[in-house]
2 protein chains.
Amino acid sequence: MTDSEPVLAELEPTTGERLLAGAAEMFREKGYAATSTRALAARLGIQNASLYHHIGGKEDLLYRLCMVTLDDVAERFAQVLDVQRDPSEALGLLATGYLDQALRDRDRHATMLSELRSLSTDRRAEVVGRRDENVARVQETVIAAQAAGQLREEIDPKYLTLALFNLLNWSIFWFSPDGDLDRDELGRILSSVYFDGIRDRAQDETNTPEGGARCA
Amino acid sequence: MTDSEPVLAELEPTTGERLLAGAAEMFREKGYAATSTRALAARLGIQNASLYHHIGGKEDLLYRLCMVTLDDVAERFAQVLDVQRDPSEALGLLATGYLDQALRDRDRHATMLSELRSLSTDRRAEVVGRRDENVARVQETVIAAQAAGQLREEIDPKYLTLALFNLLNWSIFWFSPDGDLDRDELGRILSSVYFDGIRDRAQDETNTPEGGARCA
DNA sequence: GTCTATACACAGATAGAC
DNA sequence: GTCTATCTGTGTATAGAC
């Protein structure tokens, strides 16, 4: 056993891991097609040819990136849904959990969302299938919350789900950790807009028996 | 005067116009970097070299595409804002107008939104500046609506505005005119979610004096 | 306004030494 | 696991005839 194979702790990322992280960063900045394998290799301090010891081809990087990213989301969703909860509470946790993870790993998530089209047909279908599984978990929760009388039923759950991903996904492209808003605050704002809308209902406070609690 | 220069009607698009439309379509499908000038020329039925009679370089296409798209939005916004209106009504019209236009011209809008990074620094700054002007029109309207007591004031207008563009922009990437939802229906759904949220408030109908009208 | 021919840079990928 | 050297295809763009 040598110290290049730590057993209990990964003290340093392997070249394979650094490669994937570097690819995510460059793919996000310049796009997949505009990122050359030479530039990617240079970023790791190795030669272009050395990359091919770790990957079969450039496309492998994009494919792996997409898959691990979607797996992470699936795992996060499972953690929320493994516990018996009120459906609308579960929906809120799915939303904030997804956003939290996506904003922590913006490079990978943005790449997954915008560079899918560069994958081969087969791999793209596989990735889209896995993404749709995650979306399905959310949609099932929306449906449960509608059945529980918690969400408006006159809108097709499919579109309530799409509206949520609209709200969350586009944030990944403009959010900056250096901005005046942190991940949690953005999650609270978007959840609040999603569930309650932006209309001011303050005037109802004086009219409803409970002091407007249901409308707030 | 020859019939190749119609005065009152453009019977056929010029090669320059076909070029811009073809570029938008291909940039959207494959991305700017992955679209070769040869493929673009082939799409118009001409040789690669012939393109350079119409443009100075490939990047010109992306730049022009972005600018005309943002100009169209600016014009649409101006039409809404030139009329004196209730601020929240104006906001609704800005939202549905923007979405309508973006979904009619998905190729150009999607390209503008996702391929900005491929522009040179100077041109990118110019495009971003023009985009920000459009966003500013919306944010001003949000602020006016807050001041009029129509929108929740505890959320920074900046984020109310971003939430709206989240909701609208991501739709451009998944909307299909062949789907079971048309542009207007999507506009109504997203506006409804944006203004009123997805929470069911039906139970208040039996409690509020006005029959729940304010909460519906 | 479109063509043929071509220049030249750079892409992804491989062979084989160390 | 990384290197040097290299193959081959394709990219954007230009020159100059028609």
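Residues numbered from 1 in each chain as written. Chains lettered and ligands numbered in written order. Predicted model: local features only at pLDDT ≥ 70, side-chain atom pairs only at ≥ 80, totals over all residues. Heavy atoms only, no water.

## Re the protein's contact with DNA strand C
Around DNA strand C lies a shell of 17 residues, among which Thr37(A), Tyr52(A), Lys58(A), Gln47(B) and His54(B) are the nearest. Protein-adjacent atoms of DNA strand C, using a 4 Å cutoff, are sugar or phosphate at a proportion of 54%. Here a base nitrogen of DNA strand C sits 3.1 Å away from a polar atom, N or O, in the side chain of Asn48(A). The backbone of Gln47(B) places a nitrogen or oxygen atom 2.5 Å from a phosphate oxygen of DNA strand C. Counting only elements with at least two residues in the surface near DNA strand C, the list comes to helix H2 (37–44) and helix H3 (48–51) of chain A together with helix H3 (48–51) of chain B. Looking at the surface near DNA strand C, its residues break down into 4 nonpolar, 11 polar and 2 charged. (Near = heavy atom within 4 Å. Polar contact = N/O pair within 3.5 Å; in protein donor to acceptor, adjacent residues only side chain to side chain. Helix = DSSP H or I, 4+ residues; strand = E, 2+ residues; numbered from the N terminus. Nonpolar A, V, L, I, M, F, W, Y, C, P; charged D, E, K, R; others polar.)

## Observations concerning the environment of Arg85(B)
All names here are of chain B. By secondary structure assignment, the location of arginine 85 is in the loop between helix H4 (58–81) and helix H5 (87–104). Overall, the relative accessible area of 28% leaves arginine 85 in the partly exposed class. Within polar-contact distance, the side chain of arginine 85 engages the backbone oxygen of valine 80 at 2.9 Å. (Buried < 20%, exposed > 50% of the residue type's maximum accessible area, 1.4 Å probe, protein only.)

## Thoughts on the packing of aromatic side chains
Summed over all chains, the structure comprises 13 aromatic pairs over all chains. Centroid distance Phe77(A) to Tyr98(A): 6.2 Å. Interplanar angle 40°. Geometry classified as tilted. Placement of Phe77(A) in helix H4 (residues 58–81) and of Tyr98(A) in helix H5 (residues 87–104) is noted, with a sequence separation of 21 residues between them. Given the relative accessible area of 2%, Phe77(A) is considered buried. Aromatic side chains Tyr194(B) and Phe195(B) sit 5.5 Å apart centroid to centroid with 70° between the ring planes, which places their arrangement in the edge-to-face category. A residue is classified by how much of its surface remains accessible, and Phe195(B), at 8% relative accessible area, is buried. Taken together, the ring pairs in this structure connect Trp170(A), Phe173(A), Trp170(B) and Phe173(B) into an aromatic cluster. Positioned over the ring face of Tyr32(A) is Lys58(A), at 4.4 Å from the centre of the ring. (Phe/Tyr/Trp six-rings, centres within 6.5 Å; stacked < 30°, edge-to-face > 60°. Lys NZ or Arg CZ within 6 Å of the ring centre and 35° of its normal.)

## Side note on the interface of chain B and chain A
Counting residues at the interface gives 51 residues for chain B and 51 residues for chain A. Across the interface of chain B and chain A, roughly 4700 Å² is buried in total on both sides, 54% from carbon and sulfur atoms. In this structure, Asp180(B) and Lys158(A) form a salt bridge, with 3.2 Å as the shortest nitrogen-oxygen distance. The interface formed by chain B and chain A includes 32 residue pairs in polar contact (both at pLDDT 80 or more). Counting residues per element, the ones that place at least two in the side of chain B that touches chain A are helix H1 (15–30), helix H8 (157–174) and helix H9 (183–196) of chain B. (Contact = heavy atoms within 4.5 Å. Buried area = accessible area lost by both parts, 1.4 Å probe. Salt bridge = Lys/Arg side-chain N within 4 Å of Asp/Glu carboxyl O.)

## Regarding the protein's contact with DNA strand D
Near DNA strand D there are 18 residues, and of these Gln47(A), Ser50(A), His53(A), His54(A) and Thr37(B) occur at the shortest range. Sugar plus phosphate, as a fraction of atoms of DNA strand D within 4 Å of the protein: 50%. One nitrogen or oxygen atom from the side chain of Ser50(A) is found 2.8 Å from a phosphate oxygen belonging to DNA strand D. One of the backbone N or O atoms of Thr35(B) is found 3.3 Å from a phosphate oxygen in DNA strand D.

## Side note on the relation of the copies chain B and chain A
Laying chain B over chain A is done by rotating through 180° and shifting 0.0 Å along the axis; what remains is an RMSD of 0.0 Å. Accordingly, the operation relating the two chain copies is best matched by a two-fold axis. Relative to the rotation axis, the closest C-alpha in chain B is found at Gly197(B), a distance of 1.9 Å. When the interface residues of chain B are mapped onto chain A, 100% of them again lie at the interface, so the same face is used by both copies. (Least-squares fit on C-alpha atoms with pLDDT ≥ 70 in both.)

## So, the pattern of salt bridges
Summed over the entire model, instances satisfying the criterion amount to 36 salt bridges over all chains. The salt bridge involving Arg76(A) is made with Asp100(A); its shortest N-O contact spans 3.1 Å. Of this pair, Arg76(A) sits in helix H4 while Asp100(A) sits in helix H5; the two residues are 24 residues apart in sequence, bridging distant segments of the chain. Here Asp196(B) and Arg201(A) are joined by a salt bridge, their closest N and O atoms 2.9 Å apart. Pair noted here: Asp196(B) is in helix H9 and Arg201(A) is in the segment after helix H9 (183–196), and the two residues belong to different chains.

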